[in-house]
Amino acid sequence: MSQLKRIHDYANDFLHLFFPEYCLGCSQVLYKHERNICLACYLDMPKANYHNNPADNALNTKFRGRTPLRFALAYLLYRKGSAVQAMIHKLKYDGERDMGVYFGQLYGQDLREKGYHFDLIVPVPLHPHKKQSRGYNQAAAFAEGLAQELNIPFDEDVLAKHIFTKSQTKKSRWERWAGLESSIGIKKADLVQAKHILLVDDVVTTGSTLEMCGQELLNAGCASLSVAAIANAAD
Ligand SMILES: [Zn+2]
């Protein structure tokens, strides 16, 4: 062991002793080599396992007849009051961006083992004001972890959330979403043409956000569309 490594380990132990990290699922103090969540919470996470049946599962069903999807994927099942809800809440509202990257890496390993490949990963955009106050887009953190494991690119700026005033809404093609103050637009259509795009988000409830984003990608001429979420809210 090099002298530098020894000093690094010593500093790490010292920091851990005085500034312990807590599990984002159950709030217990983490062991030194645990990351974001403890082993018990990791083992307890309810896996959706949709990647074993990507064209016929509870997420795919939400889009049937609305958006043509090649694969519908989610890492976990989302239930209110669960540790998964606590983890995702901390990812979204408590600055725990690394939890999103970690979820992406964990699920990316599962997808890689099954031989999944996509050309580009595109996260659902966050409203610019929200991104500014939060400092990051949690869906992009998940995209980053997936991209690392699958060794494919991700681009946070392919889609953007726009705000329209009422008069602009009247004039624009967004009329069909009349009443909504914001909507999704595509900024980099050339990047998605003829590509298999993996569109990603944190939690899927009704699927309407993914549907809006997916429609933009399909209109821009992507070859096929798949979606992946950290968790799917299933009954
Ligand atoms: Zn825990």
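Structural data are supplied above this passage.
The paragraphs below set out a description of the structure included in this document. (Residues numbered from 1 in each chain as written. Predicted model: local features only at pLDDT ≥ 70, side-chain atom pairs only at ≥ 80, totals over all residues. Heavy atoms only, no water.)

**Notes on the overall build of the protein chain**
Right, so step 1: Along its length, the protein chain carries ten helices and six strands.
Right, so step 2: Here the protein chain holds 235 residues, and 46% of them are scored as buried.
Right, so step 3: For the protein chain, restricting intrachain contacts to residue pairs at least 6 apart in sequence, the fraction spanning at least 24 positions comes to 73%.
Right, so step 4: Carbon together with sulfur atoms contributes 52% to the accessible area of the protein chain, which is approximately 12,500 Å² in total. (Helix = DSSP H or I, 4+ residues; strand = E, 2+ residues; numbered from the N terminus. Buried < 20%, exposed > 50% of the residue type's maximum accessible area, 1.4 Å probe, protein only. Contact = heavy atoms within 4.5 Å. Areas by Shrake-Rupley, 256 points an atom, 1.4 Å probe, with all protein chains shown as cover.)

**Thoughts on the sheet that holds strand β1 (residues 72–78)**
Right, so step 1: Spatially, β1-β6-β5-β2 is the arrangement adopted by the four strands of the open sheet, whose pairing is parallel. Of all strands in the sheet, those with a lone pairing partner are β1 and β2 (120–123), marking the two edges. Across the sheet, the axes of successive neighbouring strands diverge by a mean angle of 20°, strand direction being ignored.
Right, so step 2: By the bridge criterion, four bridges tie β2 to strand β5 (residues 196–204) in an arrangement that is parallel. Across the sheet, V122 pairs through a bridge with L199, a residue of β5. (Pairing = 2+ DSSP bridges. Axes fitted to C-alpha atoms, helices over the stretch in contact; angles between N-to-C directions.)

**Some thoughts on the packing of helix α5 (residues 97–113) against helix α7 (residues 138–150)**
Right, so step 1: Following both chains from N to C, one finds α5 and α7 inclined at 35°, their axes separated by 6 Å at the closest point. Judged by the twist between their axes, the crossing of α5 over α7 is right-handed. Between α5, through R97, G100, V101, F103, G104, Q105, Y107, G108, Q109, L111 and R112, and α7, the contact on the second element is made entirely by A141, F142, E144, G145, L146, Q148, E149 and L150.
Right, so step 2: Of the residues assigned to the contact of α5 with α7, the class counts are eight nonpolar, seven polar and four charged. (Left-handed = near helix turned anticlockwise from the far one by under 90°. Nonpolar A, V, L, I, M, F, W, Y, C, P; charged D, E, K, R; others polar.)

**Structural notes on the nonpolar core**
Right, so step 1: Ranked by internal contacts, the top residues of the largest apolar core, which has 38 residues, are I37, L73 and F103.
Right, so step 2: Only β1, α4 (83–93), α5, α7, β5 and β6 (224–233) provide two or more residues apiece to this core.
Right, so step 3: With six residues, α5 is the largest single contributor of residues to this core.
Right, so step 4: Ignoring any residue separated from it by four or fewer positions in sequence, one finds L73 in contact with Y50, H51, P54, L59, Y107, L111, Y116, F118, L198, V227, A228 and A229.
Right, so step 5: Within the second largest apolar cluster, 27 residues are counted, among which are Y50, L69, L199 and C213. (Core = buried A, V, L, I, M, F, W, Y, C linked by side-chain atoms within 4.5 Å.)

**Examining the coordination of the zinc ion**
Right, so step 1: Coordination of the zinc ion by the protein comes from C23 (SG), C26 (SG), C38 (SG) and C41 (SG), over a distance range of 2.3 to 2.4 Å.
Right, so step 2: If you look at the zinc ion, its four donor atoms make angles of 104 to 115° with each other, and the shape they trace is tetrahedral.
Right, so step 3: Taken in sequence order, the residues that donate to the zinc ion follow the motif C-x2-C-x11-C-x2-C. Of this pair, C23 sits in the loop between α1 (3–18) and α2 (39–44) while C41 is found in helix α2, placing the two residues 18 residues apart along the sequence. Neither C23 nor C41 differs from the other in exposure class; each is buried. (Donors = N, O, S within 2.8 Å, 3.2 Å for Na, K, Ca; no water. Tetrahedral: all angles 85-135°; square planar, octahedral: opposite > 155°, others 65-115°.)

**Side note on a nonpolar patch on the surface**
Right, so step 1: A surface patch of nonpolar side chains, about 670 Å² in accessible area, is lined by Y10, F14, L17, F18 and F19.
Right, so step 2: Summarising the element assignment, F19 is placed in the loop between α1 and α2. (Patch = residues over 30% accessible without salt bridge, like charges linked within 9 Å, V, L, I, M, F, W, Y side chains within 5 Å. Salt bridge = Lys/Arg side-chain N within 4 Å of Asp/Glu carboxyl O.)

**Quick word on the pattern of salt bridges**
Right, so step 1: Following the criterion strictly, the structure yields eight salt bridges and no others.
Right, so step 2: One salt bridge connects R97 with E144, and the closest N-O pair in it is separated by 2.5 Å. Remark: E144 occurs in helix α7 and R97 occurs in helix α5; sequence separation between them is 47 residues.
Right, so step 3: With a closest N to O distance of 3.0 Å, K188 and D155 form a salt bridge. Placement of K188 in the loop between β4 (182–186) and α9 (189–192) and of D155 in the loop between α7 and β3 (159–163) is noted, with a sequence separation of 33 residues between them.
Right, so step 4: For D155, a relative accessible area of 15% translates into the label buried.

**Digging into the packing of aromatic side chains**
Between two aromatic rings, the relevant description is the distance of the centres plus the angle of the planes.
Right, so step 1: Within this structure, the stated rule accounts for four aromatic pairs.
Right, so step 2: Between Y75 and F103 the ring centres are 6.3 Å apart and the planes differ by 65°, which places this aromatic pair in the edge-to-face class. Here F103 lies in helix α5 and Y75 lies in strand β1, a separation of 28 residues in the sequence.
Right, so step 3: With relative accessibility at 2%, the residue Y75 sits in the buried group.
Right, so step 4: Note on F103: relative accessible area 0%, which makes it buried.
Right, so step 5: Pairwise contacts between aromatic rings join F71, Y116 and F118 into one cluster. (Phe/Tyr/Trp six-rings, centres within 6.5 Å; stacked < 30°, edge-to-face > 60°.)

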